[in-house]
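Listed below are the residues making up each chain.
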Amino acid sequence: MRILIMVVFLTLTTTNLKAQNPSENHLGSWYTYGSHHRLNERFSLNPWAELRFYEASSNYNLAYISLRGNYHLKNNQTIGLAYAYLDIDTVFEFDHQPNIHEHRVYEQYTISQKTSKLHIQHRARFEQRFLDFTDRNELQNRFRYRLSLKYNLSSTIFINVSEEPFVNFQDQVFHENRFYSGFGFNVTSHSKLQIGYLKQHIRKNNLNRIQVGISFTTDSRKPKPTLVQL
């Protein structure tokens, strides 16, 4: 437990600001909204939205919205199918170049393991990316695997750590990696707030990002009847 806290602390307080391009000089930000709606024992929905900036709250980078449907194989295993739309500005400074638009379809499999305080999740995802450049349309495929650890410090506060490498099926196979560490707060029994640090290696860029996210859960399943002993 002490080692886990030390890793999070060091990651949050040490960032590499040796720039290779202007975007690496700035601490950018990712603001996220997510929700999980359990419809019944087998199906659930996950809307997701994301807004990224090259700086803390200015210099627009990317907008992302998606909707995923899930089928629950077991209590700890799910498969999902999703669609996402992205509007991407790849230039750091303000410019007049058209943004890249992306339509994305992805499939994923997750498996979770839980103890009283520790929650481990493995996520494997295949993505088909339909990119609309100014001069061409292009289909790109990639695979990403994420290992995430969540440790409950109390009934209200928890720590999250995750590592996610990307495998590109086109040029530069290992083109991206994301390491995240941060704290979360159970605001209510159905909502969470998370604040953390994301180290993003993408192609030749080494980016530092603060991530702030809020999430909600709902459950429409009927409570199981209990046997009454007479």
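Scroll up for the structure.
Residues numbered from 1 in each chain as written. Predicted model: local features only at pLDDT ≥ 70, side-chain atom pairs only at ≥ 80, totals over all residues. Heavy atoms only, no water.

(A) Layout of the sheet that holds strand 10 (residues 191-202). The strand order around the closed barrel formed by 11 strands is 1-2-3-4-5-6-7-8-9-10-11, and the pairing between neighbours is mixed. Taken over all neighbouring pairs, the strand axes of this sheet differ in orientation by 20° on average, direction set aside. As paired strands, strand 10 and strand 11 (residues 205-219) are joined by 12 bridges and run antiparallel to one another. Counterpart to Lys199 in the pairing with strand 11 is Asn208. (Pairing = 2+ DSSP bridges. Helix = DSSP H or I, 4+ residues; strand = E, 2+ residues; numbered from the N terminus. Axes fitted to C-alpha atoms, helices over the stretch in contact; angles between N-to-C directions.)

(B) Representation of the pairing of strand 9 (residues 176-188). As defined by bridge partners, strand 8 (residues 157-168) adjoins strand 9 across 10 bridges and the pair is classed as antiparallel. Bridge assignment links Ile157 to a residue of strand 9, and that residue is Phe185. Looking at chain direction, strand 9 and strand 10 are connected through 12 bridges and run antiparallel. Across the sheet, the residue bridging to Asn177 is His201, located in strand 10. Counting the residues in the hairpin turn of strand 9 and strand 10 gives 2 residues.

(C) Just the packing of aromatic side chains, in detail. Inspection of the entire model under this criterion finds 4 aromatic pairs. Considering the side-chain rings of Tyr31 and Phe53, the 6.2 Å spacing of their centres and the 70° angle between planes classify their relative orientation as edge-to-face. Here the residue Tyr31 occupies a position in strand 1 (residues 27-38), and Phe53 occupies one in strand 2 (residues 43-53), the gap between them amounting to 22 residues. Exposure remark for Tyr31: the relative accessible area of 34% places this residue in the partly exposed category. Accessibility expressed as a relative area gives 15% for Phe53, which makes it buried. With 5.4 Å between their ring centres and 65° between their planes, Phe43 and Tyr71 make a pair best called edge-to-face. Pair noted here: Phe43 is in strand 2 and Tyr71 is in strand 3 (residues 60-74), with a separation of 28 residues, a long-range link. Under the relative-accessibility criterion, Tyr71 is labelled partly exposed at 31%. Here Arg125 stacks its cationic end above the ring of Tyr106, 3.9 Å away from the centre of that ring. Stacked on the ring of Phe133, the Lys or Arg Arg136 has its end atom at 4.1 Å from the ring centre. (Phe/Tyr/Trp six-rings, centres within 6.5 Å; stacked < 30°, edge-to-face > 60°. Buried < 20%, exposed > 50% of the residue type's maximum accessible area, 1.4 Å probe, protein only. Lys NZ or Arg CZ within 6 Å of the ring centre and 35° of its normal.)

Purely geometric numbers; function is a separate question.
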